[in-house]
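Structural overview for review
What follows is each chain in one-letter form.
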Amino acid sequence: MAKNTYIGAGTTLSSNYYMRNFYVSNRNARTPSKRKDIDNSELALADGMALRRAIKQLVSLKFDDEKDSDIRNSVKAFIDTFNNTLDSTSDSTDHALNRSMKQLKSIAQEYASDLDKIGITVNSDGTLTRRDTLFTTASLSKFEKLFSSGSDFIQRTSACAKRIERRSDALSVTEKHQKLLENTSNQTGSTVDTTAVAQLISDSTDLDTLLNTGIGQNVNVVL
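The following refers to the structure shown. (Residues numbered from 1 in each chain as written. Predicted model: local features only at pLDDT ≥ 70, side-chain atom pairs only at ≥ 80, totals over all residues. Heavy atoms only, no water.)

Looking now at the overall build of the protein. A count of helical and extended segments in the protein gives ten helices and two strands. Helices and strands in the protein line up, N terminus first, as α-α-α-α-α-α-β-β-α-α-α-α. Counting across all 223 residues of the protein, residues that qualify as buried make up 44%. In the protein, of all internal contacts separated by at least 6 residues, the share reaching a separation of at least 24 is 67%. (Helix = DSSP H or I, 4+ residues; strand = E, 2+ residues; numbered from the N terminus. Buried < 20%, exposed > 50% of the residue type's maximum accessible area, 1.4 Å probe, protein only. Contact = heavy atoms within 4.5 Å.)

Below, the structure is given as C-alpha cells:
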C-alpha cells in the first residue's frame with residue numbers, strides 16, 4: 001500500500017522542498033552540477049515547467065502572517081527557477097526561446113523598483129538576486145502586490161513560462177525525431193517505424209502551429 005505524507009498546518013516548508021516540487025518532472029535540472037549534462041531543449045522544458053509550477057504555488061498562497069515563512073521560501077525558490085530559465089533560454093539557438101527570454105528580462109526590469117522593495121535586485125543580465133536583510137523583513141503586502149493571482153507581474157511571467165514550455169517541448173520532439181531517423185539509418189537492413197516518425201512530426205507541427213498563430217500568448221493565462 002502506498003504511503004501518503006501529510007503536512008501539518010504549522011509546518012514550514014523550506015525553499016529546497018519547493019524546488020524539488022517545481023522540478024518534479026526532471027529533478028536533475030534543479031541541481032547546478034547536473035544541469036550541464038542535460039540537452040538544452042530538455043533543460044529549457046524542465047525550467048519552463050518548473051517556473052509555471054512556481055507561479056501556481058505562489059498564487060495559491062494566502063498572504064497572511066500564518067504563511068509568512070512559506071511565502072518567503074516559495075519566492076526564494078521562484079528566484080532560483082527564474083534564473084535557471086533565463087540561463088537555459090539564453091543558451092538556446094532557437095529564436096522563439098530567445099524572444100521569450102528577452103521578454104522575461106524586460107518584465108523583471110519593468111518591476112525592478114517593486115522587487116527592490118522586498119529585497120530582490122534585478123541585475124543587468126536580468127537575473128534576480130536576493131538581499132536577505134530586507135527580504136526577510138519586508139511586509140507581506142509588498143510580496144502580495146507582486147506574487148498574488150491578480151498581479152500583472154506574475155501573469156506576464158506565467159505567459160512567458162507557458163510559451164517557453166511549449167516551444168522547448170516542440171524542439172524536444174523534433175530532436176527525438178531526428179535521433180530516431182539517425183538511429184534507423186545506421187542500422188543496415190532495418191525498417192523505419194513510419195508510424196512513430198509520423199507521430200513525432202505531427203506533435204512537433206501542432207505545437208509550432210499553436211506558437212506561430214499566437215495561441216497561448218494572452219497575459220491572462222490559466223495556471
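In this structure the tally under the stated criterion is twelve salt bridges. The salt bridge involving Glu165 is made with Arg52; its shortest N-O contact spans 3.3 Å. Of this pair, Glu165 sits in helix H9 (residues 152–185) while Arg52 sits in helix H3 (residues 40–60), and the two are 113 residues apart along the sequence. Arg52 matches Glu165 in its accessibility class, with the two residues each being buried. (Salt bridge = Lys/Arg side-chain N within 4 Å of Asp/Glu carboxyl O.)

Before going further, it helps to examine helix H8 (residues 140–147). Listing the buried residues of H8 in full gives Leu140, Phe143, Leu146 and Phe147. What you see down the axis of H8 is that its buried residues fit within an arc of 120°, all on one side. (Arc of directions from axis to C-beta.)

With that out of the way, let us pick up the nonpolar core. Generally speaking, nonpolar side chains in soluble globular proteins are found buried as a group. With 47 residues, the main nonpolar core has Phe78, Leu115, Leu128, Phe143, Phe147 and Phe153 as its most contacted residues. Taken together, the elements giving at least two residues each to this core come down to helix H1 (15–22), H3, helix H4 (68–90), helix H5 (95–110), strand S1 (120–122), H8 and H9. For this core, the leading source of residues is H3, giving eight residues. Not counting chain neighbours up to four residues away, the residues in contact with Leu128 comprise Phe78, Ile79, Phe82, Asn83, Ala108, Leu115, Ile120, Thr121, Val122 and Asn123. (Core = buried A, V, L, I, M, F, W, Y, C linked by side-chain atoms within 4.5 Å.)

Glancing now at H5. With 16 residues, H5 ought to run about 22 Å at 1.5 Å a step, and its terminal C-alpha atoms sit 22 Å apart, in line with that. Every buried residue of H5 is listed here: Ala96, Leu97, Asn98, Ser100, Met101, Leu104, Ile107 and Ala108. The opening residue of H5 is Asp94, an N-cap whose side-chain oxygen sits 3.2 Å from the backbone nitrogen of Ala96. (Expected span 1.5 Å × (residues − 1). Polar contact = N/O pair within 3.5 Å; in protein donor to acceptor, adjacent residues only side chain to side chain.)

So, about the packing of H4 against H8. Closest axis-to-axis distance for the H4/H8 pair is 11 Å, and the angle between their directions is 45°. Taken together, the axes of H4 and H8 are oblique relative to one another. At the point where H4 passes H8, the crossing takes the left-handed sense. Where H4 abuts H8, its residues Asp68, Ile71, Arg72, Val75 and Phe78 lie against Leu140, Phe143 and Phe147. Its residues assigned to classes, the contact of H4 with H8 comprises six nonpolar, no polar and two charged. (Axes fitted to C-alpha atoms, helices over the stretch in contact; angles between N-to-C directions. Parallel < 35°, antiparallel > 145°, perpendicular 65-115°, else oblique. Left-handed = near helix turned anticlockwise from the far one by under 90°. Nonpolar A, V, L, I, M, F, W, Y, C, P; charged D, E, K, R; others polar.)

Functional significance is not addressed by these values, which are geometric in nature.
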